[in-house]
Amino acid sequence: MATQLQFAPVFAEAPILLEGLWLTVKLSVGAIVLGSAIGLAAAMVRSMARPGRAWPVDVYVELIRNTPFLVQLYIIFFGLPALGIRMTAEYAGLLAMTINLGAYSTEIFRAGIESVHRSQIEAGLSLAMTRAQVFRHVILRPAVARVWPSLTSQYILIMLASSVCSFISVEELSGGAALIQSNTFRALEVYMLVTVMYLGLALAFKLVLALVGHAFLRLDRAPLGFGRRFPSSGASTAP
Amino acid sequence: MIRPFGIDEILFLIQSAGWTLVLTVVAMALGGALALVVALARVARIRAVRELARAWIGVIQGVPVLMLLFLSYYGLSYAGFELPPIVAASISLSLYASAYLGEIWRGAIESVPRQQWEASASLALSRAQQYRYVILPQSVRIALPPTVGFLVQLVKNTSIVSIVSVVELTRAGQLINNVTFQPFKVFAVVALIYLAICYPMSRASRNLEGRFRVHRVG
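Calculation criteria
Residues numbered from 1 in each chain as written. Chains lettered and ligands numbered in written order. Predicted model: local features only at pLDDT ≥ 70, side-chain atom pairs only at ≥ 80, totals over all residues. Heavy atoms only, no water. Helix = DSSP H or I, 4+ residues; strand = E, 2+ residues; numbered from the N terminus. Buried < 20%, exposed > 50% of the residue type's maximum accessible area, 1.4 Å probe, protein only. Contact = heavy atoms within 4.5 Å. Areas by Shrake-Rupley, 256 points an atom, 1.4 Å probe, with all protein chains shown as cover. Axes fitted to C-alpha atoms, helices over the stretch in contact; angles between N-to-C directions. Left-handed = near helix turned anticlockwise from the far one by under 90°. Nonpolar A, V, L, I, M, F, W, Y, C, P; charged D, E, K, R; others polar. Salt bridge = Lys/Arg side-chain N within 4 Å of Asp/Glu carboxyl O. Buried area = accessible area lost by both parts, 1.4 Å probe. Polar contact = N/O pair within 3.5 Å; in protein donor to acceptor, adjacent residues only side chain to side chain. Core = buried A, V, L, I, M, F, W, Y, C linked by side-chain atoms within 4.5 Å. Patch = residues over 30% accessible without salt bridge, like charges linked within 9 Å, V, L, I, M, F, W, Y side chains within 5 Å. Expected span 1.5 Å × (residues − 1). Disulfide = S-S within 2.5 Å. Phe/Tyr/Trp six-rings, centres within 6.5 Å; stacked < 30°, edge-to-face > 60°.

A.B. asks: In this structure, what is going on with the overall build of chain A? I would like to understand it.
C.D. replies: Along chain A, the regular secondary structure elements total nine helices and zero strands. Listing each helix as α and each strand as β along chain A from the N terminus yields α-α-α-α-α-α-α-α-α. For chain A, buried positions account for 49% of its 239 residues. If you take every contact in chain A between residues at least 6 apart in sequence, the share linking residues at least 24 apart comes to 75%. For chain A, the exposed area adds up to about 11,800 Å²; of that, 66% sits on carbon and sulfur atoms.

A.B. asks: Just checking my understanding: could you explain the packing of helix α3 (residues 55-65) of chain A against helix α5 (residues 89-115) of chain A for this structure?
C.D. replies: The angle between the axes and the distance between the axes are what describe a pair of packed helices. Residue and element names in this part refer to chain A. Two numbers describe how α3 lies on α5: the axes approach to 9 Å, and their chain directions differ by 115°. Here the hand of the crossing between α3 and α5 comes out left-handed. Facing Val57, Tyr60, Val61, Ile64 and Arg65 of α3, the residues of α5 in contact are Thr98, Ile99, Asn100, Gly102, Ala103, Tyr104, Thr106 and Glu107. Split into classes, the residues belonging to the contact of α3 with α5 amount to seven nonpolar, four polar and two charged.

A.B. asks: Can you help me understand the environment of Ala178(A) in this one?
C.D. replies: All names here are of chain A. Residue placement: alanine 178 occurs in helix α8 (residues 173-184). Exposure remark for alanine 178: the relative accessible area of 33% places this residue in the partly exposed category. C-alpha separation for the pair alanine 178 and serine 153, spaced 25 residues apart in sequence, amounts to 27 Å.

A.B. asks: Looking at this model, I keep getting lost on the pattern of salt bridges. Mind explaining?
C.D. replies: Any two side chains of opposite charge can pair, given that their charged atoms come close. Counted under the stated rule, the structure contains twelve salt bridges over all chains. Its salt-bridge partner being Arg206(B), residue Glu62(A) comes within 3.1 Å of it at the nearest N-O pair. Of the two residues, Glu62(A) sits in helix α3 while Arg206(B) sits in helix α8 (residues 183-215), which places them in two different chains. Given a relative accessible area of 38%, Arg206(B) falls into the partly exposed group. The residue Arg106(B) makes a salt bridge to Glu110(B) at a minimum N-O spacing of 2.9 Å. Of the two residues, Arg106(B) and Glu110(B) both sit in helix α4 (residues 85-110), four residues apart, roughly one turn of that helix.

A.B. asks: Quick question: what am I supposed to make of the interface of chain B and chain A here?
C.D. replies: The parts lose accessible area when they come together, and the size of an interface is often stated as this lost area. Residue-level contacts link 36 residues of chain B with 39 residues of chain A. Taken together, the two surfaces of chain B and chain A that pack against each other cover about 3,100 Å², and 74% of this comes from carbon and sulfur. Contact with chain A buries area across many residues of chain B, yet Met67(B), Tyr78(B) and Phe184(B) alone supply 22% of it, more than any other trio. Seen at the junction of chain B and chain A, the total is one salt bridge. At the boundary of chain B and chain A, one finds seven residue pairs in polar contact (both at pLDDT 80 or more). At the level of elements, α2 (47-61), α3 (65-78), α6 (127-157), α7 (169-180) and α8 of chain B are the ones that each hand at least two residues to the side of chain B that touches chain A. Residue contributions to the side of chain B that touches chain A peak at twelve residues, all from α8(B).

A.B. asks: Would you mind showing me how to read the nonpolar core here?
C.D. replies: Within soluble globular proteins, side chains that are nonpolar tend to cluster in buried spots. Formed by 121 residues in total, the largest nonpolar core has its most connected members in Leu17(A), Leu151(A), Val194(A), Leu13(B), Met67(B) and Val190(B). If one sorts the elements of this core by residue count, helix α7 (residues 131-161) of chain A sits on top with 16 residues. Once residues lying within four places of it in the same chain are set aside, the contact partners of Val194(A) are Leu17(A), Leu173(A), Ala177(A) and Met67(B).

A.B. asks: Please clarify how a nonpolar patch on the surface should be interpreted in this entry.
C.D. replies: Taken together, Val29(A), Val33(A) and Leu34(A) make up a surface patch of nonpolar side chains, about 250 Å² in accessible area. As for its placement among the helices and strands, Val29(A) is situated in helix α2 (residues 14-48).

A.B. asks: How should I be thinking about the environment of Ser205(B) in this particular structure?
C.D. replies: All names here are of chain B. Residue position: serine 205 is located in helix α8. Expressed as a C-alpha distance, the spacing of serine 205 and glycine 80, which sit 125 residues apart in the sequence, is 42 Å. Residues in contact with serine 205, not counting those within four places in the same chain, are Pro145, Val148 and Gly149.

A.B. asks: How do you make sense of α7(B) when you look at a structure like this?
C.D. replies: Residues three or four positions apart in an α-helix share a direction because the helix packs 3.6 residues into each turn. Residues and elements named next belong to chain B. Over its twelve residues, α7 extends 16 Å from the first C-alpha to the last, a length consistent with the 16 Å expected when each residue adds 1.5 Å. Those residues of α7 that fall on the buried side of the exposure criterion are Leu169, Thr170, Ala172, Gly173, Gln174, Ile176, Asn177 and Thr180. The N-capping residue of α7, defined by a side-chain oxygen 3.1 Å from the backbone nitrogen of threonine 170, is glutamate 168. Just downstream of α7 lies phenylalanine 181, where phi reads positive at about 55°.

A.B. asks: How do you make sense of the state of the cysteines when you look at a structure like this?
C.D. replies: Here a disulfide denotes a covalent bond joining the sulfur atom of one cysteine to the sulfur atom of another. If you walk through the whole model with that rule in mind, you get zero disulfides over all chains. For the unlinked cysteine Cys165(A), the closest cysteine sulfur is that of Cys198(B), found at 20 Å. The buried category is assigned to Cys198(B), whose relative accessible area is 0%.

A.B. asks: I keep staring at the packing of aromatic side chains and nothing clicks. Help me out?
C.D. replies: The description of an aromatic ring pair rests on the distance of the ring centres and on the angle between the ring planes. Applying the stated rule across the entire model yields 14 aromatic pairs over all chains. When the centroid spacing of 6.0 Å and the interplanar angle of 15° are considered together, the rings of Tyr100(B) and Phe150(B) count as stacked. Of this pair, Tyr100(B) sits in helix α4 while Phe150(B) sits in helix α6, placing them 50 residues apart in sequence. Judged on exposure class, the residue Tyr100(B) and its partner Phe150(B) are both buried. Taken together, Tyr74(A), Phe77(A), Phe78(A) and Phe187(B) form an aromatic cluster joined through their ring pairs.

Here is the structure:
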């Protein structure tokens, strides 16, 4: 039944898509902020704890990285109520995204922290900085600057993963799409449009994150951070 | 009507994990073939070809796998093909793999030192021969650890095709949850089965990385 593509009925329901888009942005930004905080804390524990003491971080990271996001979402949304912990679908989605991103960003932050050369830390300590000061001024910024491209990719991946939240009936962008699909029966048109919207959103995230890196991490001169992997200022040149 | 979550249910889950693996293998085979084309196009001498491959990677990496699945699923039926959902599932996962593997393999090809190209060119090898005998054998070593790492992502993303009723591991978990009403137990077991599949691959990827780093020169 080769019929014509009809976008008009889909455009008529555009407000649902825009609301979905907004929820996707909110979920993603929330997960990026909270997940990065978890990842940074876990990476600090991992790189500072004595050998053998950081195994809970390893278990967390390995468990999350080796199971599908969808199953994590199901455990939180369907499984936790069985243990007496209830939450709305939106919060379950946010929690799952946060926990997921936390695990991946732990590894990324750890790589950044480990890339800061020992002599830099010793130099900081010899200037009578406290350990906290060394971490803040000598380790943190170069570490984050160096892994910013990887972090950006991971942030975009979690934004794309948010589409799976529609499986537990969160009405973010793909949830809104499913709703319109059942209203209009124009499945292909809806998903073509929404695919383009995700693509635009991914580009927008890339641009904003490049600007953030530019403004706060002194990722200098590279045009919006594209094309160069390492910043030349603010980071040590470890051999 | 409520059934206990016992050994039969766990066996059903393990059996369904077979379909997860089948999907992974299919996506790896089809997507891998496509990825090789994408990677070679990405380093081709003609600029338009390079840009086309770059656009392909950019679009697929900027779109959720779920959308690739829906576009395959509804696109096929729109075109008049009444195909089982597993076909759409395989297509979408292959497209997904083609972009990510293509980018990984491009990096591997580009990391072969320039001198290898020049040396092989000075031996009067054709471009095809250069790839066949000099560049690709070296790229494979470099590409292997991240490729195994990507396989883990692929296994996990097969879970998404459960939404078009392909009975792989996650869908099987849903079905069993529907008759046992023990979501925490069921999905914990599902997660453990994924872990049993993915964790060894993650370890293998890391070990390979370590081993190759030691042996690599320069």
